[in-house]
Every structure is written in C-alpha cells, then in structure tokens.
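# Topology and contacts: notes
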Amino acid sequence: LSGRKKKPLSNNAWNTYLKKYSAIFGFLVERGYIADNPFSKIRRKPKEDKRRKVVPAEYRRMILDYLTDHNPNYILVLLLIYNSLIRPKEIEYIRIEDVDLKNSWIHIPADNAKTHKERYAPLTAQICDILNGMSLRSYPPSYFLIGTNYLPSKTKAYHGKYKKDFLEIKRKLRLPEEIQLYSFKDTGISDMFAAGLDALTIMHAADHHDLSVTTRYACQADKDMIRRVREHAPALVLEN
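So, here is what we can say about the structure in this document. These numbers come from a predicted model, not from an experiment. In this numbering scheme, every chain counts its residues from 1 along its sequence in written order. In keeping with the predicted nature of the model, local features appear solely for residues at pLDDT of at least 70, side-chain atom pairs appear and are counted solely at 80 or more, and the whole-chain, interface and lining totals rest on all residues. For side-chain calculations, the full set of non-hydrogen atoms in the structure is used, while hydrogens and water are omitted.

### Observations concerning the packing of helix H2 (residues 57-70) against helix H3 (residues 74-82)
Axes are the key here: two packed helices are described by the angle between their axes and the distance separating the axes. Axis definition: a line fitted to C-alpha atoms, limited for helices to the stretch in contact. Angles are taken between N-to-C directions and run from 0 to 180 degrees. A run of H or I in DSSP becomes a helix once it reaches four residues, and a run of E becomes a strand once it reaches two; helices and strands are each numbered from the N terminus. Relative orientation of the contacting elements H2 and H3 amounts to 145°, with a least axis distance of 9 Å. In contact with Arg60, Ile63, Leu64, Leu67 and Thr68 of H2, H3 contributes Tyr74, Ile75, Leu78 and Tyr82. Grouping the amino acids of the contact of H2 with H3 by side-chain chemistry returns 7 nonpolar, 1 polar and 1 charged. Throughout, a contact is declared for two residues whenever any of their heavy atoms are within 4.5 Å. Here the nonpolar group is Ala, Val, Leu, Ile, Met, Phe, Trp, Tyr, Cys and Pro; Asp, Glu, Lys and Arg are the charged ones; every other residue, Gly included, is treated as polar.

Next comes the structure, spelled out in structure tokens:
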C-alpha cells in the first residue's frame, strides 16, 4: 500500500521461517488436522555468511564522540554488548535486581536468554563505574535497567528501540551497512581473542552453544597471522 518495495528475505531468514512453519504444520499432521505438510517439500537455501563485520577503531571513535554529545546514556548499551557480550534483546529485560556490582556481573535468567540458559555476564570496571553513577539503589529493584529513555524505568524499552536508534546513529554518521548494532558483540569477541583470552572462556561469556561458533572469530582477530606464519613456519624438509 505504501508503494515501497519489500526487502527480499536472506537465505538465513528463509531457512528460519521454513523451519518454523514446517514444525507448525508437522504438528497439525501429527494431530490429524491435515493430511500433508506443504513445507516439507520446500528446500532449504544455502547458509549465508553474516553480512555484519567488526567495527573498526575509527568508527568506534566516531560513534562514541557522537553519543557523548547527543545521547551519552546509549553508551552503556554498547558497552554491555561489546564487553559483557549481552545480546540487545537480552538487555531489554535486565532489571536492577539482576545487577550485582559487588561480584561484577549481571544475571541473565534462562527465560530472558536467547539460548534459554541461565548465565552471569561479566562487568568491566568501566561498566561498573557507569552503573555506580546511576544511583541504582534509588530505584525499585524490579525496575528495568535501561528503559525507553535509557534510564531505569518501570517499563522496558519497546521492542527494537536499541536497534532503531543505532540505525539513526548510522544515518547521521554515514556508516556502511555492514556496521550494525550486533557488530559490537562480534567486535568484542574478536578483541578478546586478540587480547589472548582462551576460546572456552569467550564461548561461555558469549553464550554460544558450540565452540565452533566462537572460534569463527579467531581468524578475524589475528591480523598478524600471515606475517608470523611466513617468518616462523618450519620447512617441509629440514636441511642437514
């Protein structure tokens, strides 16, 4: 009706919808409501690589400088994604009572986690300083940590607000399409590898279901790999 063309589904989105509707119609077949599952004959599409990429240092500086002037409270969202590796959707549901500054963690209940697994997300000293400055004890423990105005609130931010506001930041700064809000989690993982953290620790912090998911980021982090291999790789046949 608006005359705007709909954005075509990516292969990954296609496969997600196909799995979802196939399961629904499979249930209907199992219960005898219908005779056939029309989605069982539709083929999955090849899995695509992620379109987003890590955020280069110069873009990070641009974003932080912009937020410092226009929306400093949004910086906490980026830090929770980058350092604590909490997903944007999970941040929406964090309540003040989930924050433990004494132990430097945020409790992510299983019901709020994408993987439906309870975990404790680590907090850096920088994040703890920000949270201490928010006077959290002056709010009821049941309040959401980051509401619609990026302050503690009785009601949580509406669905997709963090992403929508980041799109506006991208528009203002003319950042490339590949730089997305979730890119900060990818960047955090890559930077943790570069800092020398082991893959198992990063896997648990990132709430990945499998180590292979985590180690995909290792090659992105090791930018000096080609030089070191060239200079130090052993010869196939050693000289006498």
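Next comes the rest of the write-up.
### Remarks on the side chain of His208
Position of His208 relative to the elements: it lies in the loop between helix H8 (199-206) and helix H9 (211-215). In contact with His208, not counting residues within four places along its chain, are Lys117, Ile189, Met203, Val213, Thr214 and Tyr217.

### What about the packing of aromatic side chains?
Stacked, edge-to-face and tilted are the three classes for Phe, Tyr and Trp ring pairs, Trp counted by its six-membered ring, which pair at centre distances within 6.5 Å; planes under 30 degrees apart are stacked, over 60 edge-to-face, the rest tilted. Evaluated as defined, the whole model comprises 8 aromatic pairs. Summarising the aromatic geometry, the rings of Trp105 and Tyr120 are spaced 4.8 Å apart at their centres and angled 55° between planes, so their arrangement reads as tilted. Here Tyr120 lies in strand E3 (residues 119-122) and Trp105 lies in strand E2 (residues 105-108), a separation of 15 residues in the sequence. Ring pairs connect the aromatic residues Tyr17, Tyr21, Phe25 and Phe39, which therefore count as one cluster. For a ring to carry a charge above it, either NZ of a lysine or CZ of an arginine must fall within 6 Å of the ring centroid while also lying within 35 degrees of the normal to the ring plane. Residue placement shows Arg95 over the ring face of Phe144; its charged tip is 4.1 Å from the ring centre.

### Structural notes on the packing of H3 against helix H7 (residues 183-194)
Axis separation between H3 and H7 bottoms out at 7 Å; the angle between their running directions is 50°. As far as their axial angle goes, H7 and H3 are oblique. Read as a crossing pair, H3 and H7 show a hand that is right-handed. In this structure, H3 uses Leu78, Ile81 and Tyr82 to contact H7, whose residues at the interface are Phe184, Lys185, Thr187, Gly188, Asp191 and Met192. Here the contact of H3 with H7 is composed, by residue class, of 5 nonpolar, 2 polar and 2 charged. Roughly parallel means an angle under 35 degrees; roughly antiparallel means over 145; roughly perpendicular covers 65 to 115; every other angle is labelled oblique. Whether a crossing is left-handed or right-handed is set by the direction in which the near helix is turned from the far one by less than a right angle, anticlockwise for left-handed and clockwise for right-handed.

### Observations regarding unusual backbone geometry
Although it is not a glycine, His116 adopts a positive phi angle of roughly 60°. Within the secondary structure, His116 is located in the loop between E2 and E3. On the basis of relative accessibility, which here comes to 61%, the residue His116 falls in the exposed class. Working definition: with a 1.4 Å probe on protein chains only, accessible area under 20% of the residue-type maximum means buried, over 50% means exposed, and in between means partly exposed.

### Digging into the layout of surface pockets
The calculated volume of the second largest pocket comes to roughly 210 Å³. Together, Ile96, Val99, Leu101, Leu131, Asn132, Ser135, Leu136 and Arg137 line the second largest pocket. Here the lining of the second largest pocket is built from residues that sort into 5 nonpolar, 2 polar and 1 charged. Grid points spaced at 1 Å and placed over the protein atoms alone form the basis of the search, with a cavity being a set where a 1.4 Å probe fits but cannot get out and a pocket an open set showing protein on both sides within 12 Å along at least five of seven lines. Lining residues have an atom within 4 Å of a point. Grid points are joined across faces, edges and corners, and a volume is the space filled by probe spheres set on the points.

### Concerning helix H1 (residues 11-30)
Compared with the 28 Å implied by 1.5 Å per residue over 20 residues, the 28 Å span of H1 between its first and last C-alpha is a close match. Among the residues of H1, those classed as buried are Asn11, Asn15 and Leu18. Around the axis of H1, the buried residues are gathered within 60° of arc, so they sit on the same side. Gly32 sits one or two positions beyond H1 and adopts a positive phi of about 85°. Expected span, for any helix, means 1.5 Å times one less than how many residues it has. Think of it as the arc spanned by the lines of direction from the helix axis to the C-beta atoms.

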